[in-house]
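So the chains spell out like this:
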Amino acid sequence: MEVVRAGALTTVQDLGRPGHAHLGVPRSGALDEPAHRLANRLLHNPAHAATLEATLSGCAVRALRPTVAVVTGAPCPVTLDGRPAPWGTPVRVPAGAVFAAGPATHGVRSYLGFAGGVVVEPVLGSRATDLLSGLGPEPLRDGDRLPLGAPAVPGPPPVPGAPWQAPPAALVLPVVPGPRDDWFPAGALHALAAARYRVSATGNRIGLRLDGPALERARTDELPSEGMVLGAVQVPPAGRPVVFLADHPTTGGYPVIGVVPEPALAGAAQAAPGTPVRFTVTG
């Protein structure tokens with residue numbers, strides 16, 4: 001297929017490249033993993049088949065051979081050669097037709113799946129674009145051509161459409177304390193849970209940045225660089241938490257007050273700038 005409109009940021013994503021943190025390589029992969037998996041399930045693709053992750057403004061591609069496509073994740077208008085097509089339901093796309101996902105009406109990231117998946121050259125076992133390390137294919141540009149794999153099922157897969165759920169008015173993130181909560185005053189976790197934040201427009205695939213009250217630190221010395229995990233809530237000197245997402249660095253020198261469990265991060269991937277955020281401390 002050929003990229004007709006790349007949009008604000010569209011990348012190739014799969015389930016990432018876990019197991020390479022000791023080499024300094026993040027996992028990367030789809031930020032909203034359930035939406036990525038759903039697109040593949042609707043197409044009878046394996047879960048690891050690569051999709052396109054479109055950010056805010058969507059994207060459009062022209063099929064160079066017949067295929068079947070679907071859009072999941074952030075709801076958006078879907079068109080086939082300019083005519084309305086269903087969101088969350090596989091669509092037969094003839095050769096030469098333009099399949100497009102428009103701007104997200106809710107959330108941030110929409111996922112375009114194709115029968116057989118996007119089969120760009122893998123790097124370290126994954127086709128995912130990693131914005132921090134630069135591994136994987138570059139973000140899409142108008143005119144790019146992407147190969148598609150052989151579909152597992154010929155024709156439109158006989159599956160129901162995806163259910164749509166209205167996004168919550170606020171993002172609630174559970175956080176497990178540690179490993180460096182002792183670098184903060186005794187009441188810091190309570191202060192974190194009591195604070196009200198909003199998603200900053202400066203966030204990206206590396207981390208969800210938040211605007212709101214600053215957390216105080218009990219220690220002012222520097223922390224030696226140490227390993228970082230997916231979902232780590234790191235507190236830079238300014239005191240405003242950053243929740244690490246799929247393209248996060250593998251090490252960091254700011255204290256981590258807690259970690260958001262992975263199942264809760266799909267909501268963070270779809271939280272638009274300005275979304276209210278609060279933390280609940282567990283464990």
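Details of the structure are given in the entry above.
The sections below set out a description of the structure shown in this document. Remember, predicted model here, so these are calculated numbers, not experimental data. Throughout this description, residue numbers start from 1 for each chain and increase along the sequence as written. Restriction of local features to residues with pLDDT of at least 70 applies here, the model being predicted, together with a cutoff of 80 or more for giving and counting side-chain atom pairs; totals for whole chains, interfaces and linings are based on all residues. With hydrogens and water set aside, each side-chain value is computed from the structure's full complement of heavy atoms.

A few words on the overall build of the protein. Going along the chain from the N terminus, every DSSP run of H or I of four or more residues is numbered as a helix, and every run of E of two or more is numbered as a strand. On a plain count of helices and strands, the protein comes out with three helices and 19 strands. Within these notes, the globule rule equals 2.2 Å times the number of residues to the 0.38 power, and the radius of gyration is based on C-alpha atoms. Taking 283 residues into account, the globule formula puts the C-alpha radius of gyration at 19 Å, and the protein, at 20 Å, falls close to it. With the C-alpha coordinates of the protein rotated into their principal frame, the extents come out at 60 × 40 × 30 Å. Relative to all contacts within the protein whose residues are 6 or more apart in sequence, the contacts with residues 24 or more apart total 75%. Accessible surface area values rest on a Shrake-Rupley calculation with a 1.4 Å probe, where residue burial reflects the displayed protein chains alone. Summing over all exposed atoms, the protein offers an accessible surface of approximately 12,100 Å²; the carbon and sulfur share of this is 59%. Residues scored as charged are limited to Lys and Arg (positive) and Asp and Glu (negative), so that His and the chain ends carry no count. Charge placement uses NZ in Lys and CZ in Arg. For Asp and Glu, CG and CD serve respectively. Across the protein, the mean location of the 22 positive side-chain charges is 7 Å away from that of the 20 negative side-chain charges. Contacts were defined at the residue level, with two residues in contact if any of their heavy atoms lie within 4.5 Å.

So, on to the sheet that holds strand 5 (residues 67-73). Here five strands make up an open sheet; going across it, the order is 2-3-10-5-8 and the pairing antiparallel. Of all strands in the sheet, those bounded by a partner on one side alone are strand 2 (10-13) and strand 8 (91-93). For this sheet, the mean inter-axis angle between neighbouring strands, taken without regard to orientation, is 30°. If DSSP finds at least two bridges between two strands, the strands pair. Pairing analysis gives four bridges linking strand 3 (residues 51-55) to strand 10 (residues 109-114), with the strands arranged antiparallel. Considered in strand 10, the bridge of L52 is made with L112. Helix axes are fitted to C-alpha atoms over the stretch in contact, other axes to C-alpha atoms as well, and angles between N-to-C directions run from 0 to 180 degrees.

Next up on the list: helix 1 (residues 33-42). The element helix 1 is extensively covered by neighbouring structure, given that seven of its ten residues are classed as buried. Regarding helix 1, the residues found buried are E33, A35, H36, L38, A39, N40 and L42. For helix 1, the elements touching its buried residues are strand 2, strand 3, strand 5 and strand 10. At the C-terminal side of helix 1, H44 shows a positive phi close to 65°. Exposure categories follow from relative accessible area, calculated using a 1.4 Å probe and restricted to protein chains: below 20% of the type maximum is buried, above 50% is exposed, and the middle band is partly exposed.

One open sheet holds the five strands; their spatial order is 1-4-9-6-7, and the pairing between them is antiparallel. The open sheet has two free edges, formed respectively by strand 1 (2-5) and strand 7 (83-85), since each of these has just one partner strand. Strand-to-strand twist across the sheet, computed as the mean angle between neighbouring axes with direction ignored, equals 30°. With three bridges joining them, strand 6 (residues 78-80) and strand 7 adopt antiparallel strand pairing. Across the sheet, T79 pairs through a bridge with P84, a residue of strand 7.

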